[in-house]
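Letter by letter, the chains look like this.
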Amino acid sequence: MPQRGPAEVKPKTDKQVRPASNLIDRITSAFAFIAGIAVVLMMVHVTIAIIARSAFNYSIPAVITIVSNYYMVIVVCLPLAFVERNDAHIAVDVLTNHFSKRVQTRLFGWIYLFSAVVFGLVAYASWDEAVNKYAVGLVSVESDIAIPTWIGYFAVPLGYCMGTVYALLLFARFLFGTPPPGTVAGDFEAQVERLSHE
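All of the points below concern the structure found in this document. (Residues numbered from 1 in each chain as written. Predicted model: local features only at pLDDT ≥ 70, side-chain atom pairs only at ≥ 80, totals over all residues. Heavy atoms only, no water.)

**Re the overall build of the protein chain**
Part 1 of the reasoning: Along its length, the protein chain carries seven helices and two strands.
Part 2 of the reasoning: Order of helices (α) and strands (β) in the protein chain, N terminus to C terminus: α-α-α-α-β-β-α-α-α.
Part 3 of the reasoning: Taken across its 198 residues, the protein chain has 34% of its residues classed as buried.
Part 4 of the reasoning: Sequence-distant contacts, at least 24 apart, represent 75% of the contacts inside the protein chain between residues at least 6 apart.
Part 5 of the reasoning: Surface exposure of the protein chain reaches about 11900 Å², of which carbon and sulfur atoms provide 69%. (Helix = DSSP H or I, 4+ residues; strand = E, 2+ residues; numbered from the N terminus. Buried < 20%, exposed > 50% of the residue type's maximum accessible area, 1.4 Å probe, protein only. Contact = heavy atoms within 4.5 Å. Areas by Shrake-Rupley, 256 points an atom, 1.4 Å probe, with all protein chains shown as cover.)

**Here we look at the nonpolar core**
Part 1 of the reasoning: Formed by Ile24, Phe31, Leu78, Ala81, Phe108, Tyr112, Met162, Tyr166, Leu169, Leu170, Phe171 and Phe174, the largest nonpolar core amounts to twelve residues.
Part 2 of the reasoning: Among the secondary structure elements, those contributing two or more residues to this core are helix 1 (9-56), helix 4 (101-136) and helix 6 (155-176).
Part 3 of the reasoning: Element by element, the count of residues in this core is highest for helix 6, at six residues.
Part 4 of the reasoning: Not counting residues within four places of it along the chain, the set of residues in contact with Ala81 comprises Thr28, Met162, Gly163 and Tyr166.
Part 5 of the reasoning: Membership of the second largest hydrophobic core comes to five residues, among which are Met42, Ala49, Val63 and Val67. (Core = buried A, V, L, I, M, F, W, Y, C linked by side-chain atoms within 4.5 Å.)

**As for the environment of Pro61**
Part 1 of the reasoning: Tracing the backbone through its elements, the reader meets Pro61 in the loop between helix 1 and helix 2 (63-77).
Part 2 of the reasoning: Pro61 sits 82 residues away from Ser143 along the chain, and the two C-alpha atoms are 6.2 Å apart.
Part 3 of the reasoning: In this view, Pro61 contacts Glu142, Ser143 and Ile145; residues no more than four positions away in its chain are not counted.

**Description of the pairing of strand 1 (residues 139-142)**
Part 1 of the reasoning: Both strand 1 and strand 2 (residues 145-148) contribute to a ladder of four bridges, which runs antiparallel. Note that in strand 2 the partner of Ser140 across the bridge is Ile147. (Pairing = 2+ DSSP bridges.)

**As for the pattern of salt bridges**
Part 1 of the reasoning: Enumeration over the complete set of coordinates arrives at two salt bridges.
Part 2 of the reasoning: In this structure, the salt-bridge partner of Asp25 is Arg85, at a minimum N-O distance of 3.3 Å. With Asp25 in helix 1 and Arg85 in helix 3 (residues 80-85), the pair connects residues that are 60 residues apart, well separated along the chain. For the pair shown, Asp25 and Arg85 are each scored as buried. (Salt bridge = Lys/Arg side-chain N within 4 Å of Asp/Glu carboxyl O.)

**Comments concerning a nonpolar patch on the surface**
Part 1 of the reasoning: On the surface, a cluster of nonpolar side chains totalling about 380 Å² of accessible area is made up of Phe33, Ile34, Ile37 and Leu41.
Part 2 of the reasoning: With respect to the helices and strands, the residue Leu41 is situated in helix 1. (Patch = residues over 30% accessible without salt bridge, like charges linked within 9 Å, V, L, I, M, F, W, Y side chains within 5 Å.)

**Quick look at the packing of helix 2 against helix 6**
Part 1 of the reasoning: Contact geometry of helix 2 with helix 6 gives a least axis separation of 9 Å together with a crossing angle of 5°. As the angle between them shows, helix 2 and helix 6 are arranged roughly parallel. Residues Val73, Ile74 and Cys77 of helix 2 lie in contact with helix 6, whose contacting residues are Ala155, Val156, Gly159 and Tyr160. (Axes fitted to C-alpha atoms, helices over the stretch in contact; angles between N-to-C directions. Parallel < 35°, antiparallel > 145°, perpendicular 65-115°, else oblique.)

Just geometry here; none of it tells us what the structure is for.
Here you go:
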């Protein structure tokens, strides 16, 4: 990979970016932890509902509503930045495998900016939708029980906003040549090498 500039610039840039990187990493891990808790709660909730129906012929109300409007939304949206950090998004590299490593490295880095734009647009649109649902106090009625569902709508913009921030962080690291230490997504050259052998 070509030199990006004098060797002394890199530590200075890294020193400026590292505090924000550490904070973003902590928030990313916290969101992933919350999503993990949601998975466990969903499994326990559904299991109890199945046992109650099978063993006691009793149907726990609002299970489907809570699963679809809370658990699933949290599990899918909150860990987006965590997935980005661990390079776990689905990738189709039929064409890029035929490019040179230099082109692949540059393309791979600029994709972070494109991802940030897409994440940002979804975050903006979903935030507007969440605010509208909050304004009308959206609820779902099941078995004569009103379950507020507007709360779950805010998990979408939160997750995509965090994905936007993390993608921008990775793009900044790419530009300055200071990949986040200890993250798969930060090591651009290693990823290109790995992808070229898959």
